Amino acid sequence: MRRDLQAFTDGTFDLCVIGGGITGAGAALDAATRGFRVALIDKRDFASGTSSLSSKLVHGGLRYLEYGHLALVREALVERGRLLRNAPHLVRPLPFVLPFYTGQRLAPWQWRLGLTLYDLLAGSANIARSRRLAIRHMTAAMPGLQEAGLRGGALYYDALMDDARLCLAVLQTAVRHGAVVANYVEAVGFEKSGGAIVGVWAEDRLTQSRFLIRSRAVLNAAGPWADAVCRLAGDVGEPQLQPTKGVHLIAPARGHRAAALLLHPRDGRVFFVIPWYGKTLIGTTDAFPDAGPDGLKVSDAEIDYLLEGYDHFFAHQMQHGDVMGSFAGLRPLLRARSGEPSARSREFRLHRSVAGLTTALGGKYTTYRSMAETIIDDFAPRLGKRRRCRTRDLPVVGAPRIPWEAFSAQKTAALVRDQALAEDCAVHLVSRYGDQVDRVVERVGQVARGFERVHPDEPDLVGEQLWQREEEMAVCDEDLFLRRSRIGMFRPLASLRKWSA
Ligand SMILES: Cc1cc2nc3c(=O)[nH]c(=O)nc-3n(C[C@H](O)[C@H](O)[C@H](O)COP(=O)(O)OP(=O)(O)OC[C@H]3O[C@@H](n4cnc5c(N)ncnc54)[C@H](O)[C@@H]3O)c2cc1C
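Residues numbered from 1 in each chain as written. Predicted model: local features only at pLDDT ≥ 70, side-chain atom pairs only at ≥ 80, totals over all residues. Heavy atoms only, no water.

So what's going on with the site of the ligand? Residues and values would help.
As a structural note, the neighbourhood of the ligand is formed by 36 residues, with Thr 23, Asp 42, Ser 51, Leu 57 and Thr 366 the closest of them. Ala 187 has a polar backbone atom sitting 2.9 Å from a nitrogen atom of the ligand. Taking 1000 Å² as the accessible area of the ligand by itself, protein coverage stands at 96%. Those elements that provide at least two residues to the shell around the ligand are helix 1 (22–33), strand 8 (185–193), strand 11 (244–252) and strand 15 (325–331). A class-by-class count of the residues in the shell around the ligand yields 14 nonpolar, 16 polar and six charged. (Near = heavy atom within 4 Å. Polar contact = N/O pair within 3.5 Å; in protein donor to acceptor, adjacent residues only side chain to side chain. Areas by Shrake-Rupley, 256 points an atom, 1.4 Å probe, with all protein chains shown as cover. Helix = DSSP H or I, 4+ residues; strand = E, 2+ residues; numbered from the N terminus. Nonpolar A, V, L, I, M, F, W, Y, C, P; charged D, E, K, R; others polar.)

This is the structure we're talking about:
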C-alpha cells in the first residue's frame, strides 16, 4: 500500500470517501469490491480518530439489551461471527466473567435472562453458550476478584480485536480491489457545479500542496468531525452529532485469563477489565466531552473514576503510578433530545445535504461492514448499480486460507525452528500479520538488528518498521508506535524513538 497522490488526480472517481477510520475504510472496501472506482483520504493517519481508541471489543453489546436495542444487538452479533471468520488473525473469541454481587443494580436473574437472550440473538453465530460459573472458577480466571458479597456469576463470550490494525487490513483489502487511499490528506473544500458537489479539494499535510479529486459522489465518514465536514460543504443546520467521550487506562497484567464485565460502584454503569497485549485495559467512561476531537485529554478525575471501579472489585489495588498509558476517544453518536450518555443509541443513519454530500452518522465498530453495505446500497443506484455487496464472506488481508488454530500453530512453530525466534515474538508476528508473516520476516531479516526487540519486555521487532513504512503507509513515529504497533500506548514514546529509522 503506497502513498501515491498523483493517482488521485487521474480521471474521475465514482466515490471519494473522506475519513479513514473504520466507517470510511468499510465503505471504500464495499464500493471497490462492487467494481466502483474509489478514492479515500484521511487528514491524519488511518484509524487515528476513534477507530484506534475503542474498547477493542467486537461484541453484540450485552448492556444494550437493558435499553431494548434488540435489533442492534442481533446485527452486531451476526457481524461478530463474520469478523471471526474474515479476520481471524485480528479478531479472537474472548471469555467474559460476569460476577453477581449482593445489592447491585441488576439482580442475578436479570443477568441470566439477558445472557439467555444474548445467546438466542446470536443464533448460529454464537461463539459458545453462556453458563453459570462457580466462584472458585471465577477467581481462577480473574485472580484477586473480590469475594465479599459475591453470590455467583456467569461466563459468556464476545470477541477482542486490534482496532487500528483491523481498520488498516480493511483498507489494504480495498486497495487490493483497486481503491486509491492516502493518509495525511485533508478535505479542505468542495468543487461544485450547478450547486452539486463534483469533487473534493484536498491538501497534502506533508507538503501543503492542494489538488482536486474529481468524483461523482462523496461520502463524509469523518466520525466525530462529520459536522465540521458538513459545514465545509455549506450545511448550515443544527449539528447531527452529539459525541460522548470515553477514556481507558492501560495497566500491567494481573494474571487475568478472561475479561470481566462489572458495574461501577459509584453510578452502576457497566465497565470492563480486559486482557489486551499482555496488559490490562480498564474502561470506559461515558460523558459529554469538554473538548472537540482534536483537543481530547484524559483528566485525573477520569483516571480516579476508573481506578475506583477497578479497586472496588480487585484485591491488588491500582494506584496512579501503576497506569502505563491512557487514551480518550469520542463516540460519534447521533444527536438525541435527552438521555444519559450511556443510554444513548449506537444506531447509524445517513444524512444527505443539499449539495449532495452523504454523511455517515453514528454506529459502532463491530457493525462497520453492515453499515458499509447500507451506505453503498444507497450510493449504487446513483452511480449506475454494479454488483451486489460482496463483503459478507470476504477475508481481509492477512486472513489465512486454513483454520486459524492450525495456521497459527504451524507458522509459530516454523518461525521458532527456522528463524530461531523466541516463542512470544513468533506468536506476535503470526497474530499481527496473518498469512503475510513470511514476507514480513523476510523484510525484518534485511534490516540491521531487525530481529532485536523494540523494548526488552515486548515482542515487537525493530525490523517490522520497514514493512510498516513500505507496505502499511506509516509516515511518522506515532503511526509506527501507536497504530501499526500498539506498543506506544503503554511504553513511553521517547524510549521507542531511538529505533525509528
Ligand atoms: C471509548 C470508546 C470505546 C468504544 N468501544 C467500542 C467497542 O469496543 N466496540 C465497538 O464496536 N465500538 C466501539 N466504539 C465505537 C467505535 O470505536 C466507533 O463507532 C468507530 O471507531 C467510529 O469510526 P469512524 O470511522 O466513524 O470515525 P473515526 O475513527 O474517528 O474516523 C474518522 C476519520 O476522519 C478523519 N477526518 C476528519 N476530518 C477529515 C477531513 N476534513 N479530511 C480527511 N479526513 C478527515 C479523521 O482523521 C479520522 O481518522 C467505541 C468508541 C469509543 C469512543
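Describe the state of the cysteines, listing the residues and the values that go with them.
Across all of its chains, the model carries zero disulfides by this definition. For Cys 389, which is in no disulfide, the shortest distance to another cysteine sulfur is to Cys 167 and amounts to 17 Å. (Disulfide = S-S within 2.5 Å.)

Give me the pairing of strand 13 (residues 270–276): which residues, what numbers.
Counting buried positions along strand 13 gives six out of seven residues, so the element sits mostly inside the fold. Looking at chain direction, strand 12 (residues 259–263) and strand 13 are connected through four bridges and run antiparallel. In the sheet register, Leu 262 faces strand 13, and the bridge partner there is Phe 271. Connecting strand 12 to the next strand, strand 13, in antiparallel fashion are six residues, including Gly 268 with a positive phi near 75 degrees. Bridge count for strand 13 against strand 14 (residues 279–283) is five bridges, and the pairing is antiparallel. Opposite Val 273, over in strand 14, you have Ile 282 as the bridge partner. Between strand 13 and strand 14, which pair antiparallel in sequence order, lie two residues; one of them, Tyr 277, sits at a positive phi of approximately 45 degrees. (Buried < 20%, exposed > 50% of the residue type's maximum accessible area, 1.4 Å probe, protein only. Pairing = 2+ DSSP bridges.)

Lay out helix 7 (residues 300–313) with the relevant residues and their values.
Here helix 7 is 14 residues long and its end C-alpha atoms lie 20 Å apart, about the 20 Å a rise of 1.5 Å per residue gives. Those residues of helix 7 not exposed but buried are Glu 302, Ile 303, Tyr 305, Leu 306, Leu 307, Gly 309, Tyr 310, Asp 311 and Phe 313. Contacts made by the buried residues of helix 7 are with strand 4 (91–101), strand 11, strand 12, strand 13 and strand 14. (Expected span 1.5 Å × (residues − 1). Contact = heavy atoms within 4.5 Å.)

Outline the environment of Asp 235, listing residues and values.
Counting through the fold element by element, Asp 235 comes out in the loop between helix 6 (226–232) and strand 11. With relative accessibility at 19%, the residue Asp 235 sits in the buried group. Taking C-alpha positions, Asp 235 is 22 Å from Val 185, a pair spaced 50 residues apart along the chain. What Asp 235 contacts, discounting residues up to four positions off in sequence, is Cys 230, His 351, Ser 353 and Val 354.

Describe in detail the pattern of salt bridges, supporting the description with residues and values.
For side chains bearing opposite charge, pairing can occur when the charged atoms are close. A complete count under the given rule lists 37 salt bridges for this structure. Among the salt bridges present, the one from Arg 3 reaches Asp 204, with a minimum N-O distance of 2.7 Å. In this pair, Arg 3 sits in the segment before strand 1 (13–18) while Asp 204 sits in strand 9 (residues 196–204), placing the two residues 201 residues apart along the sequence. Across the pair Glu 308 and Arg 266 runs a salt bridge, and its minimum N-O distance is 2.6 Å. In this pair, Glu 308 is assigned in helix 7 and Arg 266 in the loop between strand 12 and strand 13, connecting sequence segments 42 residues apart. Each of Glu 79, Arg 82, Arg 369, Glu 373 and Arg 392 takes part in one network of salt bridges that share partners. (Salt bridge = Lys/Arg side-chain N within 4 Å of Asp/Glu carboxyl O.)

Describe the packing of aromatic side chains, and please don't skip the residues or the numbers.
What characterises a pair of aromatic rings is the spacing of the ring centres plus the angle enclosed by the ring planes. Per the stated rule, a full pass over the model turns up 11 aromatic pairs. Ring geometry for Phe 96 against Tyr 156: centres 5.1 Å apart, planes inclined by 20 degrees, an arrangement best described as stacked. Here Phe 96, found in strand 4, pairs with Tyr 156, found in strand 6 (residues 150–161); they are 60 residues apart in sequence, far enough to count as distant. For the pair shown, Phe 96 and Tyr 156 are each scored as buried. For the pair Phe 271 and Phe 313, a centre-to-centre distance of 6.2 Å together with 45 degrees between the ring planes defines the contact as tilted. Note that Phe 271 is positioned in strand 13 and Phe 313 in helix 7, a separation of 42 residues in sequence. Residue Phe 271 is classed as buried on the basis of its relative accessible area, which comes to 0%. (Phe/Tyr/Trp six-rings, centres within 6.5 Å; stacked < 30°, edge-to-face > 60°.)

How would you sum up the side chain of Glu 458? Please name residues and give values.
Among the structural elements, Glu 458 can be located in the loop between helix 11 (437–445) and helix 12 (464–471). At a separation of 3.0 Å, a polar atom in the side chain of Glu 458 contacts the side chain of Lys 279. Discounting chain neighbours no more than four positions away, the residues touching Glu 458 are Lys 279, Arg 453, Ile 487, Phe 490 and Arg 491.

Give me the lowdown on the nonpolar core, citing residues and values where you can.
Within the largest apolar cluster, 47 residues are counted, with the highest numbers of intra-cluster contacts made by Val 91, Leu 166 and Leu 219. Taken together, the elements giving at least two residues each to this core come down to strand 1, helix 1, strand 2 (38–41), helix 2 (70–86), strand 6, helix 5 (163–176), strand 10 (210–220) and helix 8 (368–383). With eight residues, helix 5 is the single largest residue contributor to this core. When sequence neighbours within four positions are dropped, the list of residues in contact with Leu 166 reads Leu 83, Ala 87, Leu 90, Val 91, Met 161 and Tyr 365. (Core = buried A, V, L, I, M, F, W, Y, C linked by side-chain atoms within 4.5 Å.)

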